[in-house]
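# Structural overview for review
Here is what each chain is made of, one letter per residue.
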Amino acid sequence: MHLTLQMSKGKVQIFDTTLRDGEQVPGCKLDTRNKLIIAERLDELGVDVLEAGFPISSPGDFDSVVKISQLIKNARVCGLTRAVKKDIEVAAEALKGAKKSRIHTGIGTSDAHIQYKFNSNREAIMERAISAVSYAKSFVEDVEFYAEDAGRTDNEYLARVCEAVIKAGATVLNIPDTTGYCLPEEYGAKIKYLKENVKGIDKAILSCHCHNDLGLATANSIAGVINGARQIECTINGIGERAGNTSLEEVVMIMRQHPDLNLDTNINSKLLYSTSLLVSESMGMPVQPNKAVVGANAFAHSSGIHQDGVIKKRETYEIMDPHDVGVTQSAIVLTARSGRAALAYRAKNIGFELDKLQLDKVYTEFLKVADLQKEVNDEDIPKIIEACGL
Ligand code: KIV
Ligand code: ZN
């Protein structure tokens, strides 16, 4: 038997932060009612952890975390805090009604954060990290620690911080590339280094939290899980501060489409497209048409060569079945770049079977219309056929 068949799939936890990091997008604030609708959908989608908010940040956020905690049936509900006692107390209070809860606490560990944000030093920051985790642990069993700006933190110091917070009770170690700086090799090597150098690492899960400033958030997260991380923090449509966070739909489908990685998630991928629409509409934040997996053009074909291939066999130009992500079908878009095969296909779909001679005639007329319009629609086809005297 092949080796990959013998091994059981490595499960990667999906930690969704659409309602916390994602909601930090300027102008996209959600009210509690919309947050509850999205939270319920994320639970149905199968996320393992749902970061519901930053409870101390505002009364509205506190209220949302309380209500989401009471509503959610399956996912673990998580609240963010700084390494500050009051933050932790407020988060614990907000999460009280959750079936399963987690406090996510942490502090900046890069020299830039230590020096400029905290005017402090490495040892003092380490002490604050330990105290925050111990304090959070007095309220909940499950405590995740984030080493903010871990992407630019010296690996040796980062390993010492990780070791110390595991001793203090951290169950998950979040290694954020807060500024989206790392290259995939670099981020993967950081995770590998922690796996190999942190005593007690088998008592905790390493988590990837990557930002997209250089367009590498997805690649970095995948490099992280290839090197031993077992949680990815991500958002629907990759929304988030600046250039955004890792896109949930991308990492989920990368693992699905590459069984050789031997990694998978609990996500019901058939709900990805509708969840993307829900988040985009609720936030008033359109999805770019060429967005991987959920963009309007992700399964649309407009050039003649591609259309001919897809009509003959979908797999010639598609690596994913659109049904697997909840898109009803691949689209054959008619433009001036389309060929006869696409025109015949679309005409047939609306009841016009054209023989070769008819198709030649209609195609010539079609090109005239297509040159004037961006796209030729189903309503245009009968008119074009009629103009040919057919
Ligand atoms: O990007 C980041 O470092 C964060 C932490 C607060 C987890 O969002
Ligand atoms: Zn972040």
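Conventions we followed
Residues numbered from 1 in each chain as written. Chains lettered and ligands numbered in written order. Predicted model: local features only at pLDDT ≥ 70, side-chain atom pairs only at ≥ 80, totals over all residues. Heavy atoms only, no water. Buried < 20%, exposed > 50% of the residue type's maximum accessible area, 1.4 Å probe, protein only. Helix = DSSP H or I, 4+ residues; strand = E, 2+ residues; numbered from the N terminus. Right-handed = clockwise from strand over helix to strand, strands pointing away. Pairing = 2+ DSSP bridges. Near = heavy atom within 4 Å. Polar contact = N/O pair within 3.5 Å; in protein donor to acceptor, adjacent residues only side chain to side chain. Areas by Shrake-Rupley, 256 points an atom, 1.4 Å probe, with all protein chains shown as cover. Nonpolar A, V, L, I, M, F, W, Y, C, P; charged D, E, K, R; others polar. Donors = N, O, S within 2.8 Å, 3.2 Å for Na, K, Ca; no water. Contact = heavy atoms within 4.5 Å. Expected span 1.5 Å × (residues − 1). Domains from an automatic or database assignment. Buried area = accessible area lost by both parts, 1.4 Å probe. Salt bridge = Lys/Arg side-chain N within 4 Å of Asp/Glu carboxyl O.

### Details of the pairing of strand 8 (residues 205–210)
Most of strand 8 is tucked away, with five of its six residues classed as buried. Regarding topology, helix 8 (residues 184–197) serves as the crossover connection from strand 7 (residues 172–177) to the parallel strand 8, and that connection is right-handed. Pairing of strand 8 with strand 9 (residues 231–234) involves three bridges; the strand directions are parallel. Bridging across to strand 9, cysteine 208 finds its partner in isoleucine 232. For the crossover from strand 8 across helix 9 (residues 217–226) to strand 9, the handedness is right-handed.

### Brief notes about the site of ligand 1
Around ligand 1, the neighbouring residues are Arg20, Asp21, His104, Tyr146, Glu148, Asn174, Pro176, Thr178, His209 and His211. At 2.7 Å, a side-chain N or O of threonine 178 approaches an oxygen atom of ligand 1. Within the side chain of histidine 209, an N or O atom sits 3.1 Å from an oxygen atom of ligand 1. Surface burial for ligand 1 is 93%, taken as the share of its 260 Å² of free accessible area covered by protein chains. For the shell around ligand 1, the secondary structure elements donating two or more residues are strand 6 (143–148) and strand 7. By residue class, the composition of the shell around ligand 1 is two nonpolar, five polar and three charged.

### Structural notes on the pairing of strand 4 (residues 76–80)
Among the five residues of strand 4, four are classified as buried, and the element is accordingly described as predominantly covered. When strand 3 (residues 49–53) meets strand 4, the two strands line up parallel, connected through four bridges. Residue glutamate 51 lies in a different strand from strand 4, and its bridge partner there is cysteine 78. Between strand 3 and its parallel partner strand 4, the chain crosses via helix 3 (residues 59–71), and the hand of that crossover is right-handed.

### Let's talk about the coordination of the zinc ion (ligand 2)
The zinc ion (ligand 2) binds to the protein through Asp21 (OD), His209 (NE2) and His211 (NE2); the donor distances cover 2.0 to 2.1 Å. Ordering the donors of the zinc ion (ligand 2) by residue number gives the pattern D-x187-H-x1-H. Taken together, the positions of aspartate 21 in the loop between strand 2 (13–16) and helix 2 (32–45) and histidine 211 in the loop between strand 8 and helix 9 put the pair 190 residues apart, joining distant regions of the chain. Taking the relative accessible area as the measure of exposure, aspartate 21 reaches 4% and is therefore buried. The exposure class assigned to histidine 211 is buried, which follows from its relative accessible area of 5%.

### Examining the side chain of arginine 102
Looking at where arginine 102 falls in the secondary structure, it is placed in strand 5 (residues 101–108). Apart from residues lying up to four places away in sequence, arginine 102 is in contact with Phe15, Val49, Arg76, Val77, Cys78, Gly79, Leu95, Asp142, Glu144, Val172 and Gln231.

### Here's the deal with helix 6 (residues 122–137)
Between its first and last C-alpha, helix 6 extends 23 Å over 16 residues, near the 22 Å set by a 1.5 Å rise per residue. Against helix 4 (85–94), strand 5, helix 5 (111–117), strand 6 and helix 7 (155–167) lie the buried residues of helix 6. Regarding helix 6, its N-cap is asparagine 121, as a side-chain oxygen of that residue lies 3.2 Å from the backbone nitrogen of glutamate 123 further along.

### Description of the domain arrangement of the chain
We note that the domain assignment places domain 1 (10–283) and domain 2 (300–387) within the chain. Look at where the C-alpha atoms of domain 1 and domain 2 centre, and you get two points 44 Å apart. Residue-level contacts link six residues of domain 1 with seven residues of domain 2. Taken together, the two surfaces of domain 1 and domain 2 that pack against each other cover about 570 Å², and 58% of this comes from carbon and sulfur. Considering only the surface of domain 1 that becomes buried against domain 2, Gln257, Lys270 and Tyr273 emerge as the three largest contributors, covering 69% of it. Across the domain 1-domain 2 interface, the total number found is one salt bridge. For lysine 270, the salt bridge goes to aspartate 324, with nearest N and O atoms at 4.0 Å. Between the two partners, domain 1 and domain 2, sit four residue pairs in polar contact (both at pLDDT 80 or more). Every element with two or more residues in the side of domain 1 that touches domain 2 is listed here: helix 10 (248–257) and helix 11 (272–283). Tallied by class, the residues present in the side of domain 1 that touches domain 2 amount to three nonpolar, two polar and one charged.

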